[in-house]
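Take a look at the letters that make up each chain.
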Amino acid sequence: MDPSDLEFLAEKEMVSIIPNFNHGKLFLIRGDVGPFAASIPVEVPLWLAVNLRQRQKCRVIPPDWMSVEKLEEIKQEEIDSTIFTPMPSEHYKEISRLLFDVAVPDIPHADEVKTLIKDIWDIRMAKLRSSVDAFIKSGESHAQVDNLTAFEINFVRPLLTTALFQLHKFRRAAVVASQNESQSQPSGSV
């Protein structure tokens, strides 16, 4: 999957908005949303929230996990744990990017929130790099990694698949060289 595919999946997540217009229910393929009443919060898919916010038709209520307090807590848990901790959203990276693109005024302490999300990403990527390094050095053929998001998996996939392919080629070459060496040695004494 490329980043646009992951963004498409993230846009299906539900978020709350405060519309500044009145409108009846919208009948969408994935379900109905609305009705919309000015100043009354309503849950809509992220793609609709982004569209309405771009047209200045609403304010977005950031997800609960996009608060400084919650993100500091998540960051500390990630630092303290040797394994990956569960993220508050499978699409935290994509959702935060989309909201920062269109709704910065709606996010309290937006600069701090953005920095904390970046810090969490950096911590998780450092863990991921060290996990990949340990996995490759172990010589295992498979590994279990829990609590990674699709974005994180797709971020490391090209590196990991290339590294594993190269290791496979080296091992195969070593086996062939070993077989050739054993065949070229004389068998038995005269």
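Above: the structure in question.
What counts as what
Residues numbered from 1 in each chain as written. Predicted model: local features only at pLDDT ≥ 70, side-chain atom pairs only at ≥ 80, totals over all residues. Heavy atoms only, no water. Helix = DSSP H or I, 4+ residues; strand = E, 2+ residues; numbered from the N terminus. Rg over C-alpha atoms; globule rule 2.2 N^0.38 Å. Buried < 20%, exposed > 50% of the residue type's maximum accessible area, 1.4 Å probe, protein only. Contact = heavy atoms within 4.5 Å. Areas by Shrake-Rupley, 256 points an atom, 1.4 Å probe, with all protein chains shown as cover. Lys, Arg positive; Asp, Glu negative; His and termini not counted. Charge placed at Lys NZ, Arg CZ, Asp CG, Glu CD. Salt bridge = Lys/Arg side-chain N within 4 Å of Asp/Glu carboxyl O. Axes fitted to C-alpha atoms, helices over the stretch in contact; angles between N-to-C directions. Parallel < 35°, antiparallel > 145°, perpendicular 65-115°, else oblique. Nonpolar A, V, L, I, M, F, W, Y, C, P; charged D, E, K, R; others polar. Patch = residues over 30% accessible without salt bridge, like charges linked within 9 Å, V, L, I, M, F, W, Y side chains within 5 Å. Phe/Tyr/Trp six-rings, centres within 6.5 Å; stacked < 30°, edge-to-face > 60°. Lys NZ or Arg CZ within 6 Å of the ring centre and 35° of its normal. Expected span 1.5 Å × (residues − 1).

Undergrad: Break down the overall build of the protein for me, with residues and values.
TA: When helices and strands are tallied, the protein shows six helices and five strands. The C-alpha atoms of the protein give a radius of gyration of 25 Å, which is well past the 16 Å a tight globule of 190 residues would have. Expressed as lengths along the three principal axes of its C-alpha atoms, the size of the protein is roughly 100 × 40 × 20 Å. The 190 residues of the protein split such that 34% are buried. In the protein, the proportion of contacts linking residues at least 24 apart, taken out of those at least 6 apart, comes to 67%. Total accessible area on the protein stands at roughly 12,100 Å², and carbon and sulfur atoms take up 55% of it. The distance from the centre of the 21 positive side-chain charges to the centre of the 27 negative ones in the protein is 5 Å.

Undergrad: Would you mind going over the pattern of salt bridges in detail, with residue names and values included?
TA: What the rule picks out here adds up to nine salt bridges. Residue Arg97 pairs with Glu7 through a salt bridge whose shortest N-O separation is 1.9 Å. Of this pair, Arg97 sits in helix α4 (residues 92–102) while Glu7 sits in helix α1 (residues 3–10), and the two are 90 residues apart along the sequence. Arg97 gets classed as partly exposed once you look at its relative accessible area, which sits at 38%. Since its relative accessible area comes to 23%, Glu7 is described here as partly exposed. Across the pair Arg124 and Glu152 runs a salt bridge, and its minimum N-O distance is 2.6 Å.

Undergrad: Please give an account of the packing of α1 against α4 that cites residues and values.
TA: For the pair α1 and α4, interaxial distance at closest approach is 9 Å and the crossing angle is 85 degrees. Classed by the angle they form, the pair α1 and α4 counts as roughly perpendicular. Counting all contacts with α1, which are made through Leu6, Glu7 and Ala10, the residues of α4 involved are Glu94, Ile95, Arg97 and Leu98. Among the residues making up the contact of α1 with α4, the classes are represented as four nonpolar, no polar and three charged.

Undergrad: Explain a nonpolar patch on the surface to me, and be specific about the residues and the numbers.
TA: Nonpolar side chains collect at one region of the surface, where Met1, Phe8 and Leu9 lie side by side and expose about 310 Å² of accessible area between them. Among the secondary structure elements, Leu9 is positioned in helix α1. Look at Leu9 and you get partly exposed, because its relative accessible area is 31%.

Undergrad: How would you summarise the packing of aromatic side chains if you had to cite specific residues and measurements?
TA: Counted according to the given criterion, the structure contains three aromatic pairs. These aromatic residues form a ring-pair network of at least three members: Trp121, Phe151 and Phe155. Over the ring of Phe100 we find Lys114, and its NZ or CZ is 5.5 Å from the ring centre. Lys127 extends its terminal NZ or CZ atom over the ring of Phe84, reaching a point 5.9 Å from the ring centre.

Undergrad: Help me get a handle on α4, residues and values and all.
TA: The buried fraction of α4 amounts to eight of the eleven residues, a majority that puts the element mostly inside the structure. For α4, the set of buried residues is Tyr92, Glu94, Ile95, Ser96, Leu98, Leu99, Phe100 and Val102.

Undergrad: Kindly report on helix α5 (residues 110–138), identifying the contributing residues and their values.
TA: Under the 1.5 Å per step criterion, the end-to-end length of α5 is 42 Å for 29 residues, consistent within 8% with the ideal 42 Å. Listed in full, the buried residues belonging to α5 are Ala110, Val113, Leu116, Ile117, Ile120, Trp121, Arg124, Met125, Lys127, Leu128, Val132 and Phe135. Looking one or two residues beyond α5, the residue adopting positive phi is Gly139, at roughly 75 degrees.

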